[in-house]
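The primary structure of each chain is shown beneath.
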Amino acid sequence: MATTTNSLQVPGIEIQPPPISSSHHHPQQKHQEKNDTTSTLSATGSSTGTTRTTTRARTFSLSSLVGKTRRAYSVSSAYPPKMIHPSLVPASLKPQENTLSVDNDVWFHAKHVTPAQRRNSVAAAHRKYEDFQQKMEEAPMFILVSTYLNYFVLILFGHLRDILGKVFKRSEYAHLRTNQGYAPLVSDFDSFYTRRMYMRIRDCWNRPITGVPTRITAILERVSDDFNKTFRLTGRKIDAINFASYNYLGFAQAEGPCADAVEETVRDYGVSGGSTRAECGSLDIHREAERKVARFVGKEDACIVSMGFATNSTTIPALVGKGCLIISDELNHSSIIFGARLSGASIRVFKHNNMGDLRNLLREVISQGQPRTHRPWKKIMIIVEGLYSMEGSVVNLPELIKLKREFKFYLYVDEAHSIGALGEHGGGVCDFYGINPKHVDILMGTFTKSFGAAGGYIAGDKVVIDHLRLKNHSFCYAETMTPPVTQQVLASLGIMRGEDGTENGRNRIRQLADNAHYFAARLREMGFIVYGDEGSPVVPLLLFNPAKISAFSREMLKRGVAICVVGYPATPIISSRARFCVSAAHTREDLDHALKLISEVGDLLMLKFKKAQ
């Protein structure tokens, strides 16, 4: 395809034309030089009369999918974009008619654009991860040492109790011994942590609730008379501010447009599809949901399944197998780990969000090839999360895209927590960075968080999705997504996209970003060690000591705040934490009241490891 040269007299502004389309490149196992083919544009200066040629790679931007530019919601407005959409260029600097056709793929280098025009550009584009990255703070050495000592004492006393218990309470340990020639189903060693650690603080998990899990949730009080082996309900309800549910955009509601649409769908379709998608369980609303999801995330097609965990664990084996390589972030979700193991592919792990370590690993695996035979890998796929649910960190997508161009691997992004919660329009990490979704091969997400529903989706090129409809076990064999759940997805997605004719969806997205930024900033000011990048609705507060896991959870419940505490094996053994999930449904009064109570408990348990600002 030949390049075209256009002449344009625009003082102080360089213009980038749409890039030349090229054929799809399959992943290769050797380091390749970057493609030297570029498009050029000759601009004649009005004062000098000289000709200048500029060469530039394609600018990533999700704004080409958005008709009009809008103000970036939070973090994006704090970092001025390097390129400005044509609609924001001052009239005096726009090209004359019939000199050059300007479309959504053309961007201006803003040398003479005012700060107001920068702030109002969606070109949040070219945002860098370092702009909003929050460095993970290190805990004082004595905290780490005391944490290790606590676990050592727990393990020591646990083994001592086991030794004495097997002698004096043989009936209680019968299930751990060989009985009538049968080996125990539960081994002594494997269940040690459960018996001697988890059982002591079991009351901090699986707390039953009633009603809608919105900003305020009702917890059913329970007590145990046998050291957490069994529980009984007292009949009392505890109204608590809810920081434990994934209700990011507040769509978990019993009334409103979503609830009304779901009620109508139950009358029209019932409550079950009655079959699998591969047989007779495909409804028209399923196909509608798939089309709208694909359009929302910027992909050709999508397929939806009825379980979020199975979306990863059954899709990955359908994409890679023996002779392929999966490179996984060390903090990826267990559904990704499970799916990778099921696939039979080789697995390598790189340090969390560390692009330098990933680059070194790519060089190693590509140069060495498969184990023993050293043949080239059939496929290399890198799997990351858009927003890491235990760390609150956002994937460094811009650097990943650069590595993808250099090393030619497939990129799989799990957007379970980021879809709806990140980006000016709730479009996930691609929207957040202003990157065209075409540069990500597979976009996975779930409907259990921002959509207030259940299930998940896989989005990609149509040929890939058609392949998954035949090979993905959760699509072929699992029960189809129920009509009420599917309608909840459609209704919430329609509000997010503004199809209801209101600003309800945009207000929710903006409110979530404001709440997340405010809540995390205040916790840091108080002196807590808090993980999570700026704009993340997941806010982990570090507890470290295992005894403080249960103490923090119980003290917060006493004060009417429902939270989720996390420890090993979901996190590294020395970084136990409390995880706060901020919602758009939370009011500023909710956040301030919760912050006051958190500060009280932090002082009580000595969790403020820094000086208050």
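In this report, the structure presented in the accompanying data block is examined. Here the structure is a predicted model, which is why all the values come from computation and not from measurement. (Residues numbered from 1 in each chain as written. Predicted model: local features only at pLDDT ≥ 70, side-chain atom pairs only at ≥ 80, totals over all residues. Heavy atoms only, no water.)

## Observations concerning the overall build of the protein
Alright, step 1. If you tally the helices and strands in the protein, you get 17 helices and 19 strands.
Alright, step 2. Evaluated residue by residue, the protein yields a buried proportion of 51% over its 613 residues.
Alright, step 3. Considering only contacts within the protein whose residues lie at least 6 apart along the sequence, 72% involve residues at least 24 apart.
Alright, step 4. For the protein, the accessible surface area stands at approximately 29200 Å², while carbon and sulfur atoms represent 53% of it. (Helix = DSSP H or I, 4+ residues; strand = E, 2+ residues; numbered from the N terminus. Buried < 20%, exposed > 50% of the residue type's maximum accessible area, 1.4 Å probe, protein only. Contact = heavy atoms within 4.5 Å. Areas by Shrake-Rupley, 256 points an atom, 1.4 Å probe, with all protein chains shown as cover.)

## Some details on the layout of surface pockets
Alright, step 1. Size it by volume and the second largest pocket reaches roughly 600 Å³.
Alright, step 2. For the second largest pocket, the lining is made up of 17 residues, of which R161, E172, R195, R196 and K229 are closest to its centre.
Alright, step 3. If you list the elements that add at least two residues to the lining of the second largest pocket, you get α3 (141-168) and α4 (192-196).
Alright, step 4. Take the lining of the second largest pocket: its biggest share by element is four residues, from α3.
Alright, step 5. Here the residues of the lining of the second largest pocket sort into six nonpolar, three polar and eight charged. (1 Å grid on protein atoms, 1.4 Å probe; cavity = no way out; pocket = protein on both sides within 12 Å on 5 of 7 lines; lining within 4 Å. Points joined across faces, edges and corners; volume = space filled by probe spheres on them. Nonpolar A, V, L, I, M, F, W, Y, C, P; charged D, E, K, R; others polar.)

## Some details on the sheet that holds strand β17 (residues 561-562)
Hydrogen bonding along the main chain pairs the strands of a sheet, whether they run parallel or antiparallel.
Alright, step 1. Across the sheet, which stays open at both edges, the four strands sit in the order β6-β7-β8-β17 with mixed pairing between neighbours. Two strands close off the open sheet at either side, each with one partner strand: β6 (209-210) and β17.
Alright, step 2. Relative to strand β7 (residues 216-223), β6 is paired through two bridges, and the arrangement is antiparallel. Looking across to β7, one finds that T210 is bridged to A218. (Pairing = 2+ DSSP bridges.)

## A look at the pattern of salt bridges
Alright, step 1. If you walk through the whole model with that rule in mind, you get 31 salt bridges.
Alright, step 2. R522 is the salt-bridge partner of E525, the closest N and O atoms lying 3.9 Å from each other. Here the residue E525 and the residue R522 both occupy positions in helix α15 (residues 504-526), the gap between them amounting to three residues, near one helical turn.
Alright, step 3. A residue is classified by how much of its surface remains accessible, and E525, at 35% relative accessible area, is partly exposed.
Alright, step 4. One continuous salt-bridge network, built from bridges that share partners, spans R277, R287, E290, D301, K462, D466 and R469. (Salt bridge = Lys/Arg side-chain N within 4 Å of Asp/Glu carboxyl O.)

## A word on the packing of aromatic side chains
Alright, step 1. For the structure shown, the criterion picks out twelve aromatic pairs.
Alright, step 2. Ring centres 5.8 Å apart and planes at 40° place the aromatic pair Y198 and W205 in the tilted group.
Alright, step 3. What makes Y198 partly exposed here is its relative accessible area of 26%.
Alright, step 4. With 5.6 Å between their ring centres and 40° between their planes, F447 and Y457 make a pair best called tilted. Linking F447 in the loop between β14 (442-446) and β15 (456-460) with Y457 in strand β15, this pair joins segments that are ten residues apart in sequence. Considered together, F447 and Y457 belong to a single accessibility category, that of buried residues.
Alright, step 5. By way of ring pairs, the aromatic residues F243, F519, F552 and F580 are connected into one cluster.
Alright, step 6. Geometry around Y246 places K449 over its ring, the cationic atom sitting 5.1 Å from the centre.
Alright, step 7. Taking NZ or CZ as reference, R508 lies 4.3 Å from the ring centre of F251, over its face. (Phe/Tyr/Trp six-rings, centres within 6.5 Å; stacked < 30°, edge-to-face > 60°. Lys NZ or Arg CZ within 6 Å of the ring centre and 35° of its normal.)

## Focus on the packing of helix α6 (residues 284-297) against helix α14 (residues 483-496)
Alright, step 1. In the contact formed by α6 and α14, the axes pass within 10 Å of each other and the chain directions differ by 30°. Between α6 and α14 lies a crossing of left-handed hand. Across the interface between the two elements, I285, H286, E288, A289, K292, V293 and F296 of α6 pack against P483, T486, L490, L493 and M496 of α14. (Axes fitted to C-alpha atoms, helices over the stretch in contact; angles between N-to-C directions. Left-handed = near helix turned anticlockwise from the far one by under 90°.)

## A word on a nonpolar patch on the surface
Alright, step 1. On the surface, a nonpolar cluster with roughly 840 Å² of combined accessible area is contributed by F152, V153, L156, F157, L160, L164, V167 and F168.
Alright, step 2. Summarising the element assignment, F168 is placed in helix α3. (Patch = residues over 30% accessible without salt bridge, like charges linked within 9 Å, V, L, I, M, F, W, Y side chains within 5 Å.)

## Here we look at the environment of E525
Alright, step 1. As a C-alpha pair, E525 and Q613 span 88 residues in sequence and 4.9 Å in three-dimensional space.
Alright, step 2. With residues near it in sequence (within four places) discarded, E525 still touches A612 and Q613.

## Here's the deal with the nonpolar core
Alright, step 1. One finds I327, I382, L397 and L411 to be the most contacted residues of the largest nonpolar core, which totals 66 residues.
Alright, step 2. Setting aside residues up to four positions removed in sequence, L397 forms contacts with L411, V429, C430, Y433, I435 and V440.
Alright, step 3. If you look at the next biggest cluster of nonpolar residues, it comprises 42 residues, including M526, L543, V601 and F609. (Core = buried A, V, L, I, M, F, W, Y, C linked by side-chain atoms within 4.5 Å.)

## A word on helix α12 (residues 462-471)
Alright, step 1. Those residues of α12 that sit buried are I465, L468 and R469. Projection of α12 onto a plane perpendicular to its axis shows the buried side chains occupying an angular sector of 105°, all on one side. Across α12 from its buried face, at more than 90 degrees, point the exposed residues V463 and L470.
Alright, step 2. On the buried face of α12, the contacting elements are α6, β9 (301-305), α7 (308-319), β15 and α13 (473-476). (Arc of directions from axis to C-beta.)

## Considering a negative patch on the surface
Alright, step 1. Residues E255, D260, E264 and D268 make up a contiguous surface patch of negative charge.
Alright, step 2. Since its relative accessible area comes to 57%, D268 is described here as exposed. (Lys, Arg positive; Asp, Glu negative; His and termini not counted. Charge placed at Lys NZ, Arg CZ, Asp CG, Glu CD.)

## Comments concerning the sheet that holds strand β16 (residues 538-544)
Alright, step 1. Ordered in space as β16-β19-β18, the three strands form an open sheet in which the pairing is antiparallel. Because the sheet does not close on itself, it has two edges, and the strands there are β16 and β18 (564-566). Each strand of the sheet is rotated relative to its neighbour by a mean of 25°, with strand direction disregarded.
Alright, step 2. Sheet topology note: the β16/strand β19 (residues 576-581) ladder contains six bridges and is antiparallel. Each bridged residue has a counterpart across the sheet, and for L542 the counterpart in β19 is R577.

## Focus on a positive patch on the surface
Alright, step 1. Taken together, the side chains of R161, K169, R200 and K229 present a region of like positive charge at the surface.
Alright, step 2. Tracing the chain through its elements places R200 in the loop between α4 and β6.

## Concerning unusual backbone geometry
Phi is mostly negative for residues that are not glycine, and the peptide bonds are mostly trans.
Alright, step 1. Cis rather than trans, the peptide bond between Y568 and P569 has omega equal to 10°.
Alright, step 2. Note on placement: P569 falls in the loop between β18 and β19.
Alright, step 3. Although it is not a glycine, N206 adopts a positive phi angle of roughly 60°.
Alright, step 4. Within the fold, N206 resides in the loop between α4 and β6.
Alright, step 5. Phi at N228 takes a positive value of approximately 70°, unusual for a residue other than glycine.
Alright, step 6. Considering the arrangement of structural elements, one finds N228 in the loop between β7 and β8 (232-242).
Alright, step 7. The exposure class assigned to N228 is buried, which follows from its relative accessible area of 10%.

Any functional reading would require information that these geometric values do not contain.
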